[in-house]
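Tertiary structure, described
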Amino acid sequence: MQPIQAIRWDADQRSVRIIDQRRLPGEFVERDLATLEDVREAIRTLAVRGAPALGIAGAMGVCVALAPHVALDRHAFLAMARSAATDLVATRPTAVNLAWAVQRVLRTGARTPGPPASILDAMRAEASAILAEDQVMCRRIGEAGVPLLRDGASVLTHCNAGALATGGIGTALAPIYVAAEHGLRVTVLATETRPLLQGSRLTAWELGRAGIETTIITDSSAAARMRAGDVDLCLVGADRIVANGDCANKIGTYALAVLAHHHGIPFYVAAPTSTIDPSLPAGEAIAIEERDPGEVLSLGEVRVAAHGARARNPAFDVTPAELISAIITDQGIFRPPYAFTVKGPEGHSFVASASDL
Ligand code: MRU
């Protein structure tokens, strides 16, 4: 079976090639994003999504934006890079990986001597390194997390933190894939994840493709499944983990953590160290993306809500650290009390928002 490659370069590194996740599971379609606006639109509409994949898209997106402009002088070229970076980071505010990866590429550009063509080569190499590092980090998360899974375990997961959301085998799903490689039988309860159904569309698709037994449940049935003893542990991803261990993730994650706590079920977050943002002290400081209320008022293209009804659509919530049993990263498993103050891999510092660029 071919591994899923949610995001990569096209052959000449002028476009970003993504699996268009809006079309899954009905159709498997790859798309080449050839302009800054293509990349921004793909991010905005969740054609490419998931914190690590957003970082890779941002890093490659800066290079895509710059490719037609190598005839500019160095100063104007770097100014254009900063402007493209700011536009990309503003597209989705919660996942820190986007700002982190974009800043890495910008810094590489700024310290590369020579004409714009050399700068662009170096930036492309940095974006490629971010993709390659993410593949390694996913694998390490899988290996760090697999001891938490016993044979026959039933894992509840939310949204999609799998291969589709990363450059590699995923974050929350990585220990499940590694367990399967070790011959362990692990089954998964995947929440639907309203409103955009990342659980039923994407998680069920990629786990099914890998032969991992998956049952979709409605978001509102998690409590009953936990009370019935059907959940051994919860395993979710993160979009931003701040200094005290509070984690932003897909809306509904907090509710699951409260439920797991009530039922005495371990609640694990899995994320690469590129998702850790020690510049923010606590979860209250995390910007939560508010999306179009129309996504709540409709199911796919079909309007289902009462005419004239209003909706709120925050895409993420924050799970307080005290509800998180452990955070599984590429650098091992962290347990409470959490205190993330370290620099990221390769000494790159984490950034919080476009204003830091
Ligand atoms: O809105 P999405 O689909 O980008 O939200 C994705 C999530 O919340 C994931 O759990 C998170 O980004 C981690 S992906 C490895």
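All of the points below concern the structure found in this document. Keep in mind that what you see is a predicted model, and the values were worked out from it rather than measured. (Residues numbered from 1 in each chain as written. Predicted model: local features only at pLDDT ≥ 70, side-chain atom pairs only at ≥ 80, totals over all residues. Heavy atoms only, no water.)

A closer look at the site of the ligand
Formally: Whether a residue is near a molecule or strand depends on its heavy atoms: it is near if one of them lies within 4 Å of it. Two N or O atoms count as a polar contact when they lie within 3.5 Å, although within protein this holds only if one can serve as hydrogen donor and the other as acceptor, and sequence-adjacent residues are included solely when both atoms are side-chain atoms. A 1.4 Å probe and the Shrake-Rupley method give the accessible areas. Residues count as covered only by the protein chains that appear here. The helix and strand labels rest on DSSP assignments: H or I over at least four residues marks a helix, E over at least two residues marks a strand, and numbering proceeds from the N terminus. Under the convention adopted here, Pro, Cys and the residues Ala, Val, Leu, Ile, Met, Phe, Trp and Tyr are nonpolar, Asp, Glu, Lys and Arg are charged, and Gly plus all remaining residues are polar. Those domain boundaries reflect an automatic or database domain assignment.
Taken together, 18 residues sit near the ligand, with Arg49, Ala51, Arg92, Asn249 and Lys250 positioned nearest. Residue alanine 51 places a main-chain N or O atom 2.9 Å away from an oxygen atom belonging to the ligand. At 2.7 Å from an oxygen atom of the ligand is found a side-chain nitrogen or oxygen belonging to lysine 250. When the ligand is considered free in solution it has 420 Å² of accessible area, and contact with the protein chains removes 100% of it. Elements that contribute at least two residues to the shell around the ligand include exactly α2 (51-66) and β9 (247-250). Residue composition of the shell around the ligand, by class: 8 nonpolar, 6 polar and 4 charged. When residues of the shell around the ligand are sorted by domain, at least three fall in each of domain 1 (7-139) and domain 2 (144-350).

A closer look at the pattern of salt bridges
Applied cut-off: Here a salt bridge means any side-chain nitrogen of Lys or Arg lying within 4 Å of a carboxyl oxygen belonging to Asp or Glu. Only protein chains enter the accessibility calculation, which uses a 1.4 Å probe; a residue whose area is less than 20% of its type maximum is buried, one above 50% is exposed, and one in between is partly exposed.
Under the defined criterion, the tally for this structure stands at 19 salt bridges. Its salt-bridge partner being glutamate 41, residue arginine 31 comes within 3.5 Å of it at the nearest N-O pair. Of this pair, arginine 31 sits in strand β3 (residues 30-33) while glutamate 41 is found in helix α1 (residues 36-44), placing the two residues 10 residues apart along the sequence. In this structure, arginine 104 engages glutamate 126 in a salt bridge whose closest nitrogen and oxygen atoms are separated by 2.9 Å. Here the residue arginine 104 occupies a position in helix α4 (residues 96-111), and glutamate 126 occupies one in helix α5 (residues 116-145), the gap between them amounting to 22 residues. Looking at arginine 104, the relative accessible area reads 3%, which means it is buried. Classification of glutamate 126 by relative accessible area gives buried; the value is 11%. Among the ionic contacts, a cluster of salt bridges with common partners joins Asp20, Arg22, Arg31 and Glu41.

Digging into unusual backbone geometry
Residue arginine 194 is joined to proline 195 through a cis peptide bond whose omega torsion reads 5°. One can find proline 195 in the loop between β5 (187-191) and α7 (198-209). Cis geometry is adopted by the peptide bond preceding proline 337, which originates at proline 336 and carries an omega value of 0°. Take proline 337: it is sitting in the segment after β16 (332-334). The backbone phi angle of glutamine 13 is positive, close to 60°, even though this residue is not glycine. Inspection of the secondary structure assignment puts glutamine 13 in the loop between β1 (7-9) and β2 (16-19).

Quick word on the nonpolar core
Spelled out, the test is: Residues belong to one nonpolar core when they are buried, are Ala, Val, Leu, Ile, Met, Phe, Trp, Tyr or Cys, and are joined through side-chain atoms within 4.5 Å. Any pair of residues with heavy atoms lying within 4.5 Å of one another is described as a contacting pair.
In this structure, Ile7, Val62 and Met123 are the most contacted members of the largest nonpolar core, which totals 45 residues. Of all the elements in the fold, those that place two or more residues in this core are β1, β2, α1, α2, α3 (74-91), α4 and α5. Not counting residues up to four positions away in its chain, the partners in contact with isoleucine 7 are Val16, Arg17, Ile18, Val48, Ala53, Ile56, Ala57, Met60, Leu131 and Thr166.

Remarks on the sheet that holds strand β15 (residues 326-329)
Operational definition: Two strands are counted as paired when DSSP detects at least two bridges linking them. Axes here refer to lines fitted to C-alpha atoms; in helices the fit is confined to the stretch in contact. Angles between the N-to-C directions go from 0 to 180 degrees.
One open sheet accounts for 7 strands, arranged β6-β5-β4-β7-β10-β15-β16; its pairing is mixed. Either end of the sheet is taken by a strand with one partner, and the two such strands are β6 (214-217) and β16. Mean inter-strand twist for the sheet, computed between neighbouring axes without regard to direction, equals 25°. As judged from the 4 bridges shared by β5 and β6, these two strands associate in the parallel manner. The residue of β6 that forms the bridge with alanine 190 is isoleucine 216. Against the sheet, α5 contacts β10 (267-270), β15 and β16, and its axis sits at roughly 135° relative to β15.

Geometric descriptors of this kind do not, in isolation, establish any biological role.
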